[in-house]
Amino acid sequence: MASTDRLRQITEAVQEAGRIGVAELAALTGASEMTIRRDLEVLADQGVLERYRGGARSLLLRGEEPPFALRAQDGVDVKRRIAAEVAGLIADGESVVLDSGTTCLEVARALEHRRLTVAPLSLHAVNALSGALKVTLLVPGGHPRPGELALTGPLTQASLAALRFDTAVIGCCGLTAADGLTAYDLDDAAVKRAAIASARRVIAVTESAKLSRTALAFVAPASALHALVTDEAAPEDETGALTAAGVTVRKV
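Quick caveat, the model's predicted, so the values are computed rather than measured.

Q: How would you explain the pattern of salt bridges if you had to name every residue and give the values?
A: Across all of its chains, the model carries 14 salt bridges by this definition. Its salt-bridge partner being R57, residue E50 comes within 3.2 Å of it at the nearest N-O pair. Given a relative accessible area of 25%, R57 falls into the partly exposed group. By sharing partners, the salt bridges in this structure join R80, E106 and R109 into a single network.

Next comes the structure, spelled out in C-alpha cells:
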C-alpha cells in the first residue's frame, strides 16, 4: 500500500473509532507497527490526531474534513486527470473564478500557461499562478482560513458580486442529485454560492468518493451545475441521476 493511501486509511479508521491502537492499525493496513508509529507522527504534526502510548485518538470530529496538507497528497493522479479535462473545457480568453480545495489547486496548475483571467479563491492557487505570465490574476479580498487558505467572508463575497465570469470551477465536499452540492464549512459554502452566482457556466470537480456524500452546508442544487468532471469510479446510479438533472457528466 502506498504511503498516501495508508495515511488516508489510518485517518479514516482513527476518526471512525475515536481512538485506536497501533496493533489494530498494523493489522488493518498490513504495515509494520514501526511504520504505523511513523505514520501517526506525520498525522499528529498535521493536526489530524493525538498520540498516546500504544495508539492515537482523533482530533477530527465525525464528518469533519481532514487538513489540506493531508488531502493534497491523496489521489494526486486522479486530480491531475480531472484538472486536464477541465482545462480542455475552458477557451483562451475566458474569465474564470476558481474555487478553493486540492482538486481546484490542480486545475490552477493546469491553467498556468493559458491566456486567461483567473480569480482564485485560495492563496494556494494564487501562489500557483503568481508567476504565470499569460494569466491575468485577480485576487479577491477576504479572510484566509488557517491551513486551507481559502478566502472567506464578506470581502470575498463582495468581490465576487462585483464581477461576472465566463466559468466557475467549483469543488465540493459532497454532491448528490437529491441534496445537491454541499460543503463542510458554512463560510466556504457562502463563497461557493457567490462564485456560482457570478458565472455564466458552472463546472463542478470532484473525485468519485465524494459523490453520494452529503456534507453539512448546502451550496446549490444539482440543477445549478452545467457540468461535472469526476473519475471513472463514479457510481453509475448517482451520475445517471445527475445527468437526469441536466448535468453533463465527464469521467476521466
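Q: Kindly report on the environment of Y52, identifying the contributing residues and their values.
A: With respect to the secondary-structure elements, Y52 resides in strand β2 (residues 49-52). Since its relative accessible area comes to 22%, Y52 is described here as partly exposed. Residues Y52 and V22, spaced 30 residues apart in sequence, show a C-alpha to C-alpha distance of 9.9 Å. In this structure Y52 touches R19, I20, G21 and R57, once residues within four positions along its chain are discounted.

Q: Now, about the pairing of strand β4 (residues 95-98): what can you tell me, with residues and values included?
A: Each regular strand displays side chains that alternate between the two surfaces of the sheet. Residues S95 and V97 line one face of β4 and the alternating positions V96 and L98 line the opposite face, and both faces are buried. Here β4 pairs with strand β5 (residues 117-120) via four bridges, running parallel. Bridge pairing in β5 links V96 to V118. Here β4 runs beside strand β9 (residues 165-170); their pairing, made up of three bridges, is parallel.

Q: Go over the sheet that holds strand β3 (residues 55-58) with me, naming the residues and quoting the values.
A: With antiparallel pairing, the three strands of this open sheet are ordered in space as β1-β3-β2. Two strands bound the open sheet, and with one partner strand each, they are β1 (19-21) and β2. Taken over all neighbouring pairs, the strand axes of this sheet differ in orientation by 20 degrees on average, direction set aside. Together, β1, β2 and β3 form the strand contacts of helix α1 (residues 3-17), whose direction differs from that of β1 by roughly 125 degrees.

Q: Give a detailed account of helix α9 (residues 186-197), specifying residues and quantitative values.
A: Because each turn of an α-helix spans 3.6 residues, side chains separated by three or four positions in sequence point in the same direction. Here α9 is twelve residues long and its end C-alpha atoms lie 17 Å apart, about the 16 Å a rise of 1.5 Å per residue gives. Two or three places before D187, at the opening of α9, D185 has a side-chain oxygen 3.0 Å from that residue's backbone nitrogen.

Q: Tell me what's going on with α1, and back it up with residues and numbers.
A: Here α1 is 15 residues long and its end C-alpha atoms lie 21 Å apart, about the 21 Å a rise of 1.5 Å per residue gives. Listed in full, the buried residues belonging to α1 are R6, L7, I10, T11, A13, V14 and Q15. Once α1 finishes, G18 follows within two positions and takes phi at roughly 90 degrees, a positive value.

Q: Break down the environment of V78 for me, with residues and values.
A: Tracing the chain through its elements places V78 in helix α5 (residues 76-89). Its relative accessible area of 21% is what places V78 among the partly exposed residues. Not counting residues within four places of it along the chain, the set of residues in contact with V78 comprises E207 and D231.

Q: If you had to explain the sheet that holds strand β13 (residues 217-220) to someone new, which residues and values would you point to?
A: Here we have three strands laid out as an open sheet, ordered β10-β11-β13, and antiparallel in their pairing. Pairing within the sheet leaves two strands with one partner each, and these edge strands are β10 (174-176) and β13. Taking the axes of each pair of neighbouring strands and ignoring which way they run, one obtains an average angle of 30 degrees across the sheet. Here three bridges tie strand β11 (residues 180-183) to β13, and the two strands are oriented antiparallel to one another. Bridging from a neighbouring strand, A183 pairs with A217 of β13.

Thresholds applied
- Residues numbered from 1 in each chain as written.
- Predicted model: local features only at pLDDT ≥ 70, side-chain atom pairs only at ≥ 80, totals over all residues.
- Heavy atoms only, no water.
- Salt bridge = Lys/Arg side-chain N within 4 Å of Asp/Glu carboxyl O.
- Buried < 20%, exposed > 50% of the residue type's maximum accessible area, 1.4 Å probe, protein only.
- Helix = DSSP H or I, 4+ residues; strand = E, 2+ residues; numbered from the N terminus.
- Contact = heavy atoms within 4.5 Å.
- Pairing = 2+ DSSP bridges.
- Axes fitted to C-alpha atoms, helices over the stretch in contact; angles between N-to-C directions.
- Expected span 1.5 Å × (residues − 1).
- Polar contact = N/O pair within 3.5 Å; in protein donor to acceptor, adjacent residues only side chain to side chain.

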